[in-house]
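Fold and contact review
Residue-level listing of the chains:
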Protein chains: 2
Amino acid sequence: MTGLKKAFIIATGTELLLGSTIDTNSDFIARRLMEAGVKVIGRIIVGDQKEEIFAAFALGAQLADIIISSGGLGPTKDDLTKETACEFMQVKPEVVEEEVTRIRDFFARRHKPMPENNIKQAMFPREAIILANNSGTAPGMYLYKDQKTIIVLPGPPREMKKMFLEEAEPLLKEKLNLTGKKAVSRVIKVFGPGESQVEEMIKDVMDDPQGCSFALLASDGEIHVRITAEGEDQQASQRLLDGLTEKIKADMGAYIYGYDEDALVSVVAGLLRDKGLTLAVAESCTGGYLSKTITDLPGSSAYFWGGAITYSNEAKNKLIGVNDQTIRDFGAVSEETAREMAAGIKKTAGSDIAIAITGIAGPEGGTDTKPVGLVYIALFSDEKQKVYKLHFNSHREGNRILAVKSALDIVRRYLCEK
Amino acid sequence: MTGLKKAFIIATGTELLLGSTIDTNSDFIARRLMEAGVKVIGRIIVGDQKEEIFAAFALGAQLADIIISSGGLGPTKDDLTKETACEFMQVKPEVVEEEVTRIRDFFARRHKPMPENNIKQAMFPREAIILANNSGTAPGMYLYKDQKTIIVLPGPPREMKKMFLEEAEPLLKEKLNLTGKKAVSRVIKVFGPGESQVEEMIKDVMDDPQGCSFALLASDGEIHVRITAEGEDQQASQRLLDGLTEKIKADMGAYIYGYDEDALVSVVAGLLRDKGLTLAVAESCTGGYLSKTITDLPGSSAYFWGGAITYSNEAKNKLIGVNDQTIRDFGAVSEETAREMAAGIKKTAGSDIAIAITGIAGPEGGTDTKPVGLVYIALFSDEKQKVYKLHFNSHREGNRILAVKSALDIVRRYLCEK
């Protein structure tokens, strides 16, 4: 049993539905709730229609303990969130005189009379706690009834955030006795095996999860294993998480390249930097993608010499001295050409390591013996010269990114073993 | 009465709840539906729990005619969307032998056996139409029952989009007899001036919009002007749109590089191809980004020779013969070095056009006289040799992408004038 309170987040506003305005409010609320130890189980965007807003609150009450909405507190007819929440909770809004005065003052300070339809912003049920809005006219609402907590916040992100942090969050913590987050999580990042292979490799851990939960996510040829541990308190969760991480490390070994925010290229960069080694590349089918990825990182000039984009056969010959005869005999996509490309750029650059990539990215250019997705990657250093033959089964963009990541992983594994 | 069909969009995945992974699928689906004349009335994100996925489908069926989900079609235990949709619709998934064969083939092409848990991706109810997935193992599902249309799509955006466009959308249009909408829109794409400059240049059109609406969007140094026209019918809208487009063309001239789905690089590719010219590059601060962008396009070998990633000074000298003395006298980031880089790669490649880029991408490496964001771009052809000095005012990634786009735009303008 987790015992965590569950929350459901509602954003209202027709402009959010098509993504032309992005719903940043729900991200913010979700993160704050997670930090406070509340489990967010769903979030919904609905337009300004009463039926849909009502249905959203009903779903929230069905699935969660806490329902938080943002948007729809303005003075106009299509601002219906508070009224609809009250109707759903079967409480009746009434004019609150102090709030009328406050809104009148707000307009008075701007030398304007209060439009009559702003009165509705001053209406609240007796059961509610009114959440002050110090940067706009619309107050929010906190309502606890029938074991459900309903929090209604304004839509403008600046008003919403301020009200959430100063008014709603302290109330939530006090009333629901939230003690902060007990759960901790970690993402283990894997390159090489596919999603179902990873699942089989860590079967022992998934079959005995010790109360932790797992999510596997495939992303551009990588598999990310997210473990969330939830113990008695944060310390216990951390111990649980560390224990499971060790087991997964034992299962997966060198397939794991990093954790959480690590990227494959930054892991390779760290290894090159630590060992004081330099890298040069020769790229055919990836056409600069590997170099671009390496130089995305600031400071890469410390270990990256540069390279040759040998997209044409002539470039292979003129830039790094690949023999025309080799290309004629074996083809541009061949072990032999990959080998000469790596040897050629290593000689020119005088780098510690050279990587060469030649392959058929697609969609055209494949044959029966050399299909789209066939890629040769050569790693040359003073003590090791090896060509890897790989088959990818993706579209052009996928094959190219897989070739880049495979090349980086080949360097990583070489540096880890070295 | 509108008579418009209503749609509800579901995204599943715990990683989407906190916004650490952004749900771009629902934006895409919402826009396509709108284009097809369907009204999107809500969208929800739920985690990988069955109860919540079930509740999401139930809410969708309560509010809408069409329910479209993405995510949760993987082979693992936490992939539950299809199963839950079937349970909600009271249909029973069974193993479909052709799909098993297809998935086995998918793994066979990768020289791997199919893990047994992939079988569940081949299970569908009799009532469903199976939506082919040509870029992954998980097929989608189209189900019409009890006057509700349920469409279940995979989570990876590329697979989802392809399946939506090629499989789901045509079925939707056919089965639900969608006739599309009256409004038409066009995006005019501009490189060079900033957002407020564009606004001033097209002031005459914006001051007399003839019932059209405008949106300006800045995106990686480009400005996209979206015009939406809504007349009596689609034909009238189109006439309105074409009229305004002509006026904007008169205002902006060569700053406009394309429309709608055009990308700067594909416009350049088209020009090179049409004129039968070849291009070679030498990249310093962009470190392969330009080459990568050019070779993102299939068929680029027809006009792209290759190039040199001269990230270090030594690479500038050894790969394309830049004089060490030039670098010592003027610096690696200088008009003189850019000139020698372009001349060097043009000579080696024998290409019609050569482009060289050298600059300071940041965050380190800037000085008072050569600040971060200073970039020289040289274009060399037989009849023109010119070096452009540019200043960008962005972060590393921004400066690099602006350098790449500026280089492409310099080639575009050269080819247009030629």
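Treat the numbers as computed from the prediction; the structure is a model and nothing was measured.

For the rest of this paragraph, the subject is the overall build of chain A. Along its length, chain A carries 15 helices and 17 strands. A globule of 418 residues ought to have a C-alpha radius of gyration of about 22 Å, yet chain A, at 29 Å, is considerably larger. Overall size of chain A, expressed as C-alpha extent along the three principal axes, is 90 × 50 × 40 Å. When each of the 418 residues of chain A is scored for burial, the buried share is 46%.

Okay, the environment of aspartate 78 of chain B next. Here aspartate 78 of chain B lies in the loop between β3 (66-70) and α4 (81-89). Taking C-alpha positions, aspartate 78 of chain B is 27 Å from leucine 165 of chain B, a pair spaced 87 residues apart along the chain. Contact partners of aspartate 78 of chain B, with chain neighbours within four places excluded, come to Ala215 of chain A together with Asp48 of chain B.

This paragraph deals with the domain arrangement of chain A. By the assigned domains, chain A splits into domain 1 (6-175), domain 2 (183-259) and domain 3 (264-417). Computed over C-alpha atoms only, the centres of domain 1 of chain A and domain 3 of chain A are separated by 55 Å.

Each pair of packed helices can be described by the angle between their axes along with the distance between the axes. All names here are of chain B. Remark: helix α2 (residues 24-35) packs on helix α6 (residues 157-176), axes separated minimally by 10 Å, with the N-to-C direction vectors making an angle of 20°. Looking at the two axes, α2 sits roughly parallel to α6. The two elements α2 and α6 meet at a crossing, and its hand is right-handed. Between α2 and α6, the contacting residues are Thr24, Asn25, Phe28, Ile29 and Arg32 on the first element and Pro157, Met160, Lys161, Phe164 and Glu169 on the second. Looking at the contact of α2 with α6 residue by residue, the classes come out as 5 nonpolar, 2 polar and 3 charged.

This part covers helix α12 (residues 313-320) of chain A. Residues and elements named next belong to chain A. Taken residue by residue, α12 has Ala315, Lys316, Leu319 and Ile320 as its buried positions. Along the axis of α12, the buried positions cluster into a sector of 105°, meaning they face one direction only. Trailing α12 by a residue or two, glycine 321 shows a phi angle of about 70°, which is positive.

Time to look at the interface of chain A and chain B. Listed as interface residues are 61 residues of chain A and, on the opposing side, 64 residues of chain B. The dominant element in the side of chain A that touches chain B, judged by the number of residues it contributes, is strand β2 (residues 39-46) of chain A, at 7 residues. For the side of chain A that touches chain B, a count of residues per class yields 28 nonpolar, 21 polar and 12 charged. Inspection of the sheet shows strand β14 (residues 304-309) of chain A paired to strand β14 (residues 304-309) of chain B by 3 bridges, in the antiparallel sense. Looking at the pairing, alanine 308 of chain A lines up with alanine 308 of chain B of β14 of chain B.

The next subject is helix α14 (residues 335-349) of chain B. Residues and elements named next belong to chain B. Taking 1.5 Å per residue as the helical rise, α14 with its 15 residues ought to reach 21 Å, and the 21 Å between its terminal C-alpha atoms agrees with that figure. In terms of burial, α14 is largely enclosed, as 11 of its 15 residues are buried. With its phi angle positive at about 60°, glycine 350 sits one or two positions after the end of α14.

Core analysis: the biggest nonpolar cluster contains 148 residues, and Ala342, Ile345 and Ile355 of chain A together with Ala342, Ile345 and Ile355 of chain B have the highest contact counts within it. Residues within four places of isoleucine 355 of chain A in sequence aside, it is in contact with Leu279, Val281, Ala342, Ile377, Leu379, Ala407 and Val411 of chain A. Grouped together as the second largest cluster of nonpolar side chains are 92 residues, Val46 of chain A together with Leu73, Met141 and Leu153 of chain B included.

What follows deals with the pairing of β3 of chain B. For β3 of chain B, the tally of buried residues reaches 5 of 5 residues, placing the bulk of the element in the interior. In β3 of chain B, alternate side chains face the same way, and those of Ile66, Ile68 and Ser70 of chain B on one face and Ile67 and Ser69 of chain B on the other are all buried.

On to the confidence of the model for chain A. Predicted confidence across chain A gives a mean pLDDT of 92, with 99% of residues reaching 70 or more. Listed scores for the predicted complex are pTM 0.75 and ipTM 0.75.

Residues and elements named next belong to chain A. If you walk across this open sheet you meet the 4 strands as β10-β11-β9-β12, and the pairing is antiparallel. The open sheet has two edge strands, β10 (213-219) and β12 (256-259), and neither has a second partner. On average, each strand axis in the sheet is inclined to that of its neighbour by 25°, with strand direction left out of account. Sitting on the sheet, helix α9 (residues 234-252) touches β9 (183-191), β11 (222-230) and β12, and the angle it makes with β9 is about 15°.

In space, the 10 strands of this open sheet follow the order β17(A)-β16(A)-β15(A)-β13(A)-β14(A)-β14(B)-β13(B)-β15(B)-β16(B)-β17(B), with mixed pairing throughout. The outermost strands of the open sheet, each flanked by one partner alone, are β17 (385-391) of chain A together with β17 (385-391) of chain B. The average undirected angle you get between the axes of adjacent strands in this sheet is 15°. Bridging between strand β16 (residues 374-381) of chain B and β17 of chain B involves 7 bridges; their strand directions are antiparallel. The residue of β17 of chain B that forms the bridge with leucine 374 of chain B is histidine 391 of chain B. Those strands touched by α14 of chain B are β13 (279-283), β14, β15 (353-359), β16 and β17 of chain B, and its axis lies near 145° from that of β15 of chain B.

Time to look at unusual backbone geometry. Trans peptide bonds make up most of the peptide bonds, and negative phi angles are found at most residues other than glycine. Of note, the amide linkage connecting glycine 362 of chain A to proline 363 of chain A takes the cis form, showing an omega dihedral of 0°. By the element assignment, proline 363 of chain A lies in the loop between β15 (353-359) and β16 (374-381). Its identity is not glycine, yet aspartate 146 of chain B carries a phi of approximately 50°, on the positive side. Residue placement: aspartate 146 of chain B occurs in the loop between β7 (140-145) and β8 (148-153). Accessibility expressed as a C-beta count within 10 Å gives 8 for aspartate 146 of chain B, which makes it exposed.

What counts and what doesn't
Residues numbered from 1 in each chain as written. Chains lettered and ligands numbered in written order. Predicted model: local features only at pLDDT ≥ 70, side-chain atom pairs only at ≥ 80, totals over all residues. Helix = DSSP H or I, 4+ residues; strand = E, 2+ residues; numbered from the N terminus. Rg over C-alpha atoms; globule rule 2.2 N^0.38 Å. Buried ≥ 20, exposed ≤ 12 C-beta atoms within 10 Å, placed from the backbone. Contact = placed C-beta atoms within 7 Å. Domains from an automatic or database assignment. Axes fitted to C-alpha atoms, helices over the stretch in contact; angles between N-to-C directions. Parallel < 35°, antiparallel > 145°, perpendicular 65-115°, else oblique. Left-handed = near helix turned anticlockwise from the far one by under 90°. Nonpolar A, V, L, I, M, F, W, Y, C, P; charged D, E, K, R; others polar. Arc of directions from axis to C-beta. Pairing = 2+ DSSP bridges. Expected span 1.5 Å × (residues − 1). Core = buried A, V, L, I, M, F, W, Y, C linked by C-beta atoms within 7 Å. pLDDT = per-residue confidence, 0-100.

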